[in-house]
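Given next are the chains, with one letter for each unit.
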Amino acid sequence: MGHVLLFSLTAMANPTLVAAVTVMLLLPDPKRLMIGYLCGALLTSITLGLVIVFEAQHLGITQSAKHALNPIEDFVIGGLLLTVAIVLHGGRDQPVRERRAERKRAKHEGKPEKVPRWEQWLRRGNPRITFALGVVLTLPGASYLAALSSLAKLNYSNAVTVIVVILINVIMLALLEVPLAGYLIAPEETPRRVERAKAAVREHGRRGVVVATTVIGALLIIRGLITSLT
């Protein structure tokens, strides 16, 4: 279950979702727009998730490799997370980010910035459109597929599997659900809180990622060692 939760958390880092939420927060009546997007996203993601998990369990291809693969998965994922932590902590990704920013400036210099088609539709401020975009844009990513694969190996009952798939989606879409809940509970205070949260992420987000990847990576490697020795 640990892998399922881990991949659910990494699935939150969806650039399209972050961009969509940012745009909707700037538009009039963001609450209705986010409700539409969330309903569309859940419809697509939960449906595809259930199909993928039940099909994998039906084929019976995961159980036989469960004990052999789990330690290897722990070592590989843990090693990758620790590598990410080392790179971010030492600032070794700075040259890459600078080159990327320079290429972007050179590409758009003297030209109007091209807005993606989906964002143009989103800016129309229609909840029906955001529902459709939620359906179209929420296709399974690598982290979501990894979470579903880990879930299939657990061979839970059908009812528990459905509950866990829904839980995965709740975690995965938290970046949309949290501001939406804020608008529903405290519509006047939420915009100010959103701005403070953005400022905090800009100031401390890098450090938080380093700490999280270090802790999770170390725990996965330790678990892999324990599993391989038992």
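Now for a look at the structure at hand. (Residues numbered from 1 in each chain as written. Predicted model: local features only at pLDDT ≥ 70, side-chain atom pairs only at ≥ 80, totals over all residues. Heavy atoms only, no water.)

### Describing the packing of helix 3 (residues 30-59) against helix 7 (residues 127-137)
Next up, step 1: Interhelical geometry of helix 3 versus helix 7 gives an angle of 30° and a closest axis separation of 7 Å. Relative to helix 7, the element helix 3 is oriented roughly parallel. Here the hand of the crossing between helix 3 and helix 7 comes out right-handed. In this structure, helix 3 contributes Arg32, Leu33, Gly36, Tyr37, Cys39, Gly40, Ala41, Leu43 and Thr44 to the contact, and helix 7 contributes Pro127, Thr130, Phe131, Leu133, Gly134, Val135 and Leu137.
Next up, step 2: Residues belonging to the contact of helix 3 with helix 7 are distributed by class as follows: 10 nonpolar, 5 polar and 1 charged. (Axes fitted to C-alpha atoms, helices over the stretch in contact; angles between N-to-C directions. Helix = DSSP H or I, 4+ residues; strand = E, 2+ residues; numbered from the N terminus. Parallel < 35°, antiparallel > 145°, perpendicular 65-115°, else oblique. Left-handed = near helix turned anticlockwise from the far one by under 90°. Contact = heavy atoms within 4.5 Å. Nonpolar A, V, L, I, M, F, W, Y, C, P; charged D, E, K, R; others polar.)

### Here's the deal with the pattern of salt bridges
Next up, step 1: Enumeration over the complete set of coordinates arrives at 1 salt bridge.
Next up, step 2: The partner of aspartate 29 in a salt bridge is arginine 32, with the nearest N and O atoms 3.5 Å apart. (Salt bridge = Lys/Arg side-chain N within 4 Å of Asp/Glu carboxyl O.)

### So, the nonpolar core
Next up, step 1: Among the nonpolar cores identified, the biggest contains 20 residues, and Met24, Met34, Tyr37, Leu122 and Leu176 are the most heavily contacted of them.
Next up, step 2: For this core, the elements supplying multiple residues, two or more each, are helix 2 (15-26), helix 3, helix 6 (117-122), helix 7 and helix 10 (174-185).
Next up, step 3: The element best represented in this core is helix 2, accounting for 6 residues.
Next up, step 4: Those residues within four positions of methionine 34 in sequence are excluded, and the remaining contacts are Met24, Leu25, Leu176, Pro179, Leu180 and Tyr183.
Next up, step 5: Membership of the second largest hydrophobic core comes to 19 residues, among which are Val4, Phe7, Val53 and Met172. (Core = buried A, V, L, I, M, F, W, Y, C linked by side-chain atoms within 4.5 Å. Buried < 20%, exposed > 50% of the residue type's maximum accessible area, 1.4 Å probe, protein only.)

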